[in-house]
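A closer look at the structure
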Amino acid sequence: MAGQDATPAKAKVTEPQAPEALAPTEERIFVASQWQLMWWRFRKHKLANVGGVVILLFYIGAIFCEFLSPYDPNAYEKTLTFVPPQRVHLFHEGQFIGPFVYGLKRTRDPVTYVITYEPDRSKIHKLHFFVPGHRYRMLGLFETDVHLFGLGPEEKGHKVYLLGTDRLGRDMFSRILYGSRISLSIGLLGVFVSFAIGILAGGVSGYFGGTIDTIIQRVIEFLRSIPTIPLWMALSASLPREWTTVQRYFAIVVLLSLIGWTGLARVVRGRFLAVREEDYVMAARLQGASELRIILRHMLPAFLSYIIASLTLSIPGMILGETSLSFLGLGLRPPTVSWGVLLQEAQNLQTVALAPWLLVPGVAVVTAILSFNFLGDGLRDAADPYAR
Amino acid sequence: MLGFVFRRILYAFPTLVMISLVSFAIIELPPGDYLSSYVAQLQARGERVAEDELAALKARYGLGQPIYMRYLKWVRGVLRGDFGVSFEWNRPVSELIFDRFWLTAAIALLSTAFIWAVALPIGIYSATHQYSISDYIFTFIGFIGVGIPDFLLALVLLWFVWSNFGVNLGGLYPPQYEGQPWTWAKVMEVMKRIWVPMAIIGTSGTAGMIRTMRANLLDELRQPYVITARAKGLRETKLILKYPVRIALNPFISTVGWMLPGLLSGATIVSIVLSLPTNGPLMLKALLSQDMYLAGSFVFLLSVLTVIGTLISDILLVVVDPRIRFGSVEGR
């Protein structure tokens, strides 16, 4: 790490002037590595910390979505369509009985035929933890049927819907959890692919310069001159219809990174050009370090943090891109469950007016995007060595 | 200066050629050629296609010829303003797009005006009152505005107004005006509703613009020339408006670049949610039904307008900012 290379030199310079004047805190800063300094600065950024924790929770939810969700996301219940979210109570008529939901009373409006549900205060369904449900493979390792919560096995025919159901009576809570797996992983994968192309193209461009730099820069300029949304729309619309969901998923990832890499390549190239002129790179070269060593040990630490920050900041764009495309019906398609696919159900006013809880996936999207933005901002501030 | 403009225009040409290639590729992408799908569609409706008509169509699109001939044919048509025919609508593409142009452009212009009118004063205020309570509030709103996708904002607003006031804000005029000529009454109806897309599209743009304006102005306010001007006793308002703001305005000039394609497409997804009679929904429909001449022309026109818009804003930047004019433009 660059910090380790730099500290001995620095210590030698400061020692003769004030050997014992260093306060313990200052000493701590002087000997800290680059990553430690960044971590301390990041810890001070409260909003970024909150964002980081939220994102961590989101990804834990996405990884363990089978365990956390009470029902199969595609299991439907014909008699329980558009059930509003149920409230979890702790007290029944002043008496504590632990978490429970009231039963549902289903009534049909005699004039409009609209079905409405009301809590039936005479029926109590207690929530149980670690209940058996549909079978799944935990982390792809072993098969189990345990779910974090649900109604006890003795209450057959009754269900708990924390976030209501959609037009087919599918549990929105389970669907949002499963959707987070697709939506959040598409962001990560897309950024990973963009990162691979971007760092290669940007690195080559910045390191070699000359003709190859000009060519890559022209290509980037060209890709950026095409408006994103229409291009995404056109390309995803021309994906073959008979493709499987997995093929479609990866096609969308590639589409999103097709434009995403240009921004990253620019960042990498810019940093490369700036760092290449630094004195310490010159010093390393004079001491006879090989090019590879200069790149990996001296230049990379100087901008890796910066790149991580801009990676974090480009994830929300990917998530938003997938959501928008699926929302329009051009991205992922049912039976794949993603936040965009879920929001597609809420596309027109009639449905939203009837079942506003169908907009809840939107809350998830906004929370994820904001958290990534906060986290990215915090990382960028922490990574900037010249920040005040 | 003239040399710079000339060079910039010259640079745009290869980009335009590449754009035409990509657009043509999009037209050609769907499996099977469009003519046979068109014929199949006609036959499914029970209509018969005359042999000579088929031959004429074939000649027109150069089917059966190698792909580069088809491309050249298409480019020649585009240069003459002929973008081909939409098979879905059975009308020339240019006519379809032009039909909806004025409304789309009106919404784009209004929402840009909205963004400028809101973001400029707030950005200046936030920068000059850094870390004040109002600055924090504006920054927070800005963050939220960046985080909420505009189509979600549109949906929530539609729902909110519907459930509280019983008014459906979707569309630009009540259904009875659909397909009617532009009478005074229809114009009035449009006037009554056009603020909804304007505000929604504007809000998402405003948030980002406030942040850029604030950051830019903060950088400028730390410059020595500001201190000099202050030391010479220039009044604060005049000082800020005359010098730093002028330079911090650069991002606003850059908006011209994306305003131009916006005139044509509008904010595509919001228009679809709000079911506006603009070009955005038309493009989505074209894509969903693989009406590729219409879709490809959209991509082509939008990209060309983006290139021209960027060109204009680059030239404007050079005109406005003397530092760019006399400094190295390439090094920016």
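Residues numbered from 1 in each chain as written. Chains lettered and ligands numbered in written order. Predicted model: local features only at pLDDT ≥ 70, side-chain atom pairs only at ≥ 80, totals over all residues. Heavy atoms only, no water.

**Section: the overall build of chain A**
- For chain A, the count of helices and strands is 14 helices and four strands.
- Taking 388 residues into account, the globule formula puts the C-alpha radius of gyration at 21 Å, and chain A, at 27 Å, lies well above it.
- Each principal axis of the C-alpha atoms in chain A carries an extent, and together these give about 85 × 60 × 40 Å.
- Sequence-distant contacts, at least 24 apart, represent 65% of the contacts inside chain A between residues at least 6 apart. (Helix = DSSP H or I, 4+ residues; strand = E, 2+ residues; numbered from the N terminus. Rg over C-alpha atoms; globule rule 2.2 N^0.38 Å. Contact = heavy atoms within 4.5 Å.)

**Let's talk about the overall build of chain B**
- Looking only at helices and strands, chain B features 18 helices and two strands.
- When contacts within chain B are restricted to residue pairs at least 6 apart in sequence, those whose partners lie at least 24 apart make up 73%.
- Put simply, chain B shows about 17,100 Å² of open surface, and 67% of that area lies on carbon and sulfur atoms. (Areas by Shrake-Rupley, 256 points an atom, 1.4 Å probe, with all protein chains shown as cover.)

**Considering the interface of chain B and chain A**
- Each partner contributes to the interface: chain B provides 37 residues, whereas chain A provides 38 residues.
- Regarding the contact of chain B and chain A, the summed buried area is about 3,400 Å², with carbon and sulfur atoms giving 80% of it.
- For the chain B face of the interface with chain A, the top three residues by lost area are F143(B), L155(B) and W159(B), together amounting to 16%.
- Taken together, chain B and chain A are joined by one salt bridge.
- Remark: the boundary between chain B and chain A carries one residue pair in polar contact (both at pLDDT 80 or more).
- Sorting the residues of the side of chain B that touches chain A by element identifies α1 (2–28), α7 (133–147), α8 (150–165), α15 (268–273), α16 (279–288) and α17 (292–320) of chain B as the ones contributing at least two each.
- Broken down by element, the side of chain B that touches chain A gets its largest block of residues, seven residues, from α8(B).
- Its residues placed into classes, the side of chain B that touches chain A shows 28 nonpolar, seven polar and two charged. (Buried area = accessible area lost by both parts, 1.4 Å probe. Salt bridge = Lys/Arg side-chain N within 4 Å of Asp/Glu carboxyl O. Polar contact = N/O pair within 3.5 Å; in protein donor to acceptor, adjacent residues only side chain to side chain. Nonpolar A, V, L, I, M, F, W, Y, C, P; charged D, E, K, R; others polar.)

**Looking at the sheet that holds strand β3 (residues 115–138) of chain A**
Residues and elements named next belong to chain A.
- As summarised here, the arrangement of the four strands in space is β1-β2-β3-β4, forming an open sheet in which the pairing is antiparallel. Of all the strands in the sheet, just β1 (89–92) and β4 (142–151) have a single pairing partner and so form its edges. On average, adjacent strands in this sheet sit at an angle of 60° to one another, irrespective of strand direction.
- Across eight bridges, the pairing between β3 and β4 is antiparallel. Its bridge partner lying in β4, L127 is registered against L151. (Pairing = 2+ DSSP bridges. Axes fitted to C-alpha atoms, helices over the stretch in contact; angles between N-to-C directions.)

**A closer look at a positive patch on the surface**
- A cluster of like positive charges, contributed by R235(B), K238(B), K242(B) and R246(B), occupies part of the molecular surface.
- With respect to the helices, strands and loops of the structure, K238(B) is situated in helix α12 (residues 236–242). (Patch = residues over 30% accessible without salt bridge, like charges linked within 9 Å, V, L, I, M, F, W, Y side chains within 5 Å. Lys, Arg positive; Asp, Glu negative; His and termini not counted. Charge placed at Lys NZ, Arg CZ, Asp CG, Glu CD.)

**Describing the packing of aromatic side chains**
Residues and elements named next belong to chain B.
- Evaluation of the coordinates by the stated rule reveals 18 aromatic pairs over all chains.
- Ring plane angle 65° and centroid distance 5.4 Å describe the contact between F24 and Y71, whose orientation is recorded as edge-to-face. You can see F24 sitting in helix α1 and its partner Y71 sitting in helix α4 (residues 67–79), a full 47 residues away along the chain. When sorted by exposure, F24 lands in the same class as Y71, which is buried.
- Taken together, F24, Y71, W74 and F300 form an aromatic cluster joined through their ring pairs. (Phe/Tyr/Trp six-rings, centres within 6.5 Å; stacked < 30°, edge-to-face > 60°. Buried < 20%, exposed > 50% of the residue type's maximum accessible area, 1.4 Å probe, protein only.)

**What to know about the confidence of the model for chain A**
- Confidence in the prediction of chain A, expressed as mean pLDDT, is 80, and 92% of residues score 70 or more.
- No element of chain A has a lower mean pLDDT than helix α1 (residues 2–14) of chain A, at 45, and none a higher one than helix α4 (residues 46–63) of chain A, at 90. (pLDDT = per-residue confidence, 0-100.)

**What to know about the pattern of salt bridges**
Residues and elements named next belong to chain A.
- Enumeration over the complete set of coordinates arrives at 17 salt bridges over all chains.
- Of the charged contacts in the structure, one is a salt bridge between E143 and R135, with a shortest N-O distance of 3.0 Å.
- On the basis of relative accessibility, which here comes to 52%, the residue R135 falls in the exposed class.
- Residue D213 is joined to R269 by a salt bridge in which the shortest nitrogen-to-oxygen separation is 2.8 Å. Linking D213 in helix α7 (residues 210–225) with R269 in helix α9 (residues 245–276), this pair joins segments that are 56 residues apart in sequence.

**Structural notes on the side chain of D171(A)**
- Mapped onto the elements, D171(A) comes out in the loop between β4 and α6 (172–208).
- Those residues in contact with D171(A), other than ones at most four positions away along the chain, are P70(A), Y71(A), V160(A), Y161(A), L162(A), G164(A) and T165(A).

**Concerning the packing of α1(B) against α4(B)**
Residue and element names in this part refer to chain B.
- Between α1 and α4, the least distance of the axes is 11 Å, while the angle of their chain directions is 115°. Considered as vectors, α1 and α4 are oriented roughly perpendicular to each other. With respect to the hand of their crossing, α1 and α4 are arranged in right-handed fashion. Residue-level inspection shows V17, S20, L21, S23, F24, I27 and E28 of α1 in contact with α4, the latter providing I67, R70, Y71 and W74.
- Here the residues of the contact of α1 with α4 sort into seven nonpolar, two polar and two charged. (Parallel < 35°, antiparallel > 145°, perpendicular 65-115°, else oblique. Left-handed = near helix turned anticlockwise from the far one by under 90°.)

**Comments concerning the environment of R246(B)**
- When you line up the elements, R246(B) lands in helix α13 (residues 244–248).
- The sequence separation of R246(B) and W195(B) amounts to 51 residues, and the corresponding C-alpha distance is 29 Å.

**Considerations on the side chain of R214(B)**
- In this structure, R214(B) sits in helix α10 (residues 195–221).
- Once residues lying within four places of it in the same chain are set aside, the contact partners of R214(B) are G123(B), S126(B), A127(B), Q130(B), D135(B) and T139(B).

**Comments concerning a nonpolar patch on the surface**
All names here are of chain A.
- On the surface, V53, L56, L57, I60, I63, F64, L139, L141 and F142 cluster together into a nonpolar patch covering about 880 Å² of accessible area.
- Ranked by residues supplied to the nonpolar patch, first place goes to α4 with five residues.
- Relative to the assigned elements, L57 resides in helix α4.

**Re the environment of Y68(B)**
- With respect to the secondary-structure elements, Y68(B) resides in helix α4.
- Between the C-alpha atoms of Y68(B) and M188(B), which are 120 residues apart in sequence, the distance is 50 Å.

**Things to note about helix α11 (residues 291–328) of chain A**
- Between its terminal C-alpha atoms α11(A) stretches only 49 Å, short of the 56 Å expected from 38 residues at 1.5 Å a residue.
- At the C-terminal side of α11(A), G329(A) shows a positive phi close to 85°. (Expected span 1.5 Å × (residues − 1).)

**Digging into the confidence of the model for chain B**
- When the pLDDT values of chain B are averaged, the result is 78; 86% of them are 70 or greater.
- No element of chain B has a lower mean pLDDT than helix α18 (residues 322–326) of chain B, at 63, and none a higher one than helix α11 (residues 224–231) of chain B, at 88.

**Observations concerning the pairing of β3(A)**
Residues and elements named next belong to chain A.
- Two strands pair when backbone bridges link them, and strand β2 (residues 95–108) and β3 are joined in this way by nine bridges, in the antiparallel orientation. Directly across from T107, in β3, lies its bridge partner T116.
- Here β2 hands over to β3 after six residues, with Y113 in that stretch at a positive phi of 65°.

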